[in-house]
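What follows is each chain in one-letter form.
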Amino acid sequence: MIYERLLEKNIEWAEKIKRNESDFFEKNHKEQKPNFLWIGCSDSRVPSDQIMGTMPGEIFVHRNIANLVVNSDINCLSVLQYAVETLKVKHILVVGHYGCGGVRAAMEQHNLGIIGNWLNNIKDVYNLYENELSPLDDDKLDRLCELSVIEQVKNVGRTSIIENARCRGQEISIHGWIYNLKDGKIKDLGVNIDLDKSDECQSCL
Ligand SMILES: [Zn+2]
């Protein structure tokens, strides 16, 4: 697709939205109140709105290579803080995908330069689960994709942003999901962390 075609497609899209809901942009431009934060992979095949049929305004999004939550990544933590403290999202979705190129690269021992530093975070996950992973063969990559999501959910839960939200009694759930490129379906890995009113911490108030 030549790049000018993208702009033509944009006009077609905006006009279609307006035909379906004439005041959509009028309402949408004033504020955002998303209930969801999506932390996903930069992979072009995993666009949150398209795979879930959601509209602009429904999901606040952070994407990076291999959907990692690293406690020194000020970009991801800034998104998380804004989503939790200002937007007050109800759900944080950490979404990996099978066949992730970032996870595959981390499993292979090539010299990757700067990106190698980033992917070392996945090597740490591999080392943590080496006993489970090393006997696997064809399904090793996909299992590591799942295990990495599970660890990123825990990393979100360990941030001071979530700890503070817990003390305030803010109701918020963190979920680990994985997307299958082969059939377009998302699987819930069942590793939720749920914060609710009962977590409110009197000593912090
Ligand atoms: Zn990926």
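Throughout, a residue's number is its position along its own chain's written sequence, starting from 1. Residue-level local features of this predicted model are given only where pLDDT is at least 70; pairs of side-chain atoms are given and counted only at 80 or more, and the full residue set underlies all totals for whole chains, interfaces and linings. With hydrogens and water set aside, each side-chain value is computed from the structure's full complement of heavy atoms.

### Observations concerning the domain arrangement of the protein
Part 1 of the reasoning: For the protein, the assigned domains are domain 1 (1-30) and domain 2 (32-204).
Part 2 of the reasoning: Domain 1 and domain 2 are separated by 30 Å when their C-alpha centres are compared. Where each domain begins and ends follows an automated or database-derived domain assignment.

### Concerning the packing of aromatic side chains
Part 1 of the reasoning: Ring pairs are drawn from Phe, Tyr and Trp, using the six-membered ring of Trp, whenever the two centres fall within 6.5 Å, and their geometry is named by plane angle: stacked under 30 degrees, edge-to-face over 60, tilted for the rest. For the coordinates displayed, the defined rule picks out 3 aromatic pairs.
Part 2 of the reasoning: Ring geometry for Phe60 against Tyr82: centres 5.7 Å apart, planes inclined by 40°, an arrangement best described as tilted. Of the two residues, Phe60 is situated in strand β2 (residues 59-64) and Tyr82 in helix α4 (residues 74-86); the sequence distance between them amounts to 22 residues.
Part 3 of the reasoning: Relative accessibility thresholds used throughout: buried, under 20% of the residue-type maximum; exposed, over 50%; partly exposed, between the two (1.4 Å probe, protein chains only). Looking at Tyr82, the relative accessible area reads 38%, which means it is partly exposed.
Part 4 of the reasoning: The structure contains a cluster of three or more aromatic residues connected by ring pairs, namely Trp13, Phe24 and Phe25. Numbering of helices and strands starts at the N terminus; helices are DSSP runs of H or I of at least 4 residues and strands are runs of E of at least 2.

### Quick word on the pattern of salt bridges
Part 1 of the reasoning: Salt bridges are defined by distance alone: a side-chain nitrogen of Lys or Arg within 4 Å of a carboxyl oxygen of Asp or Glu. Throughout the structure, instances matching the rule amount to 14 salt bridges.
Part 2 of the reasoning: In this structure, Glu8 engages Arg5 in a salt bridge whose closest nitrogen and oxygen atoms are separated by 3.1 Å. A residue pair is termed a helical-turn pair when its members lie 3 or 4 positions apart in one helix, as Glu8 and Arg5 do in helix α1 (residues 3-20) at 3 residues.
Part 3 of the reasoning: Since its relative accessible area comes to 27%, Arg5 is described here as partly exposed.

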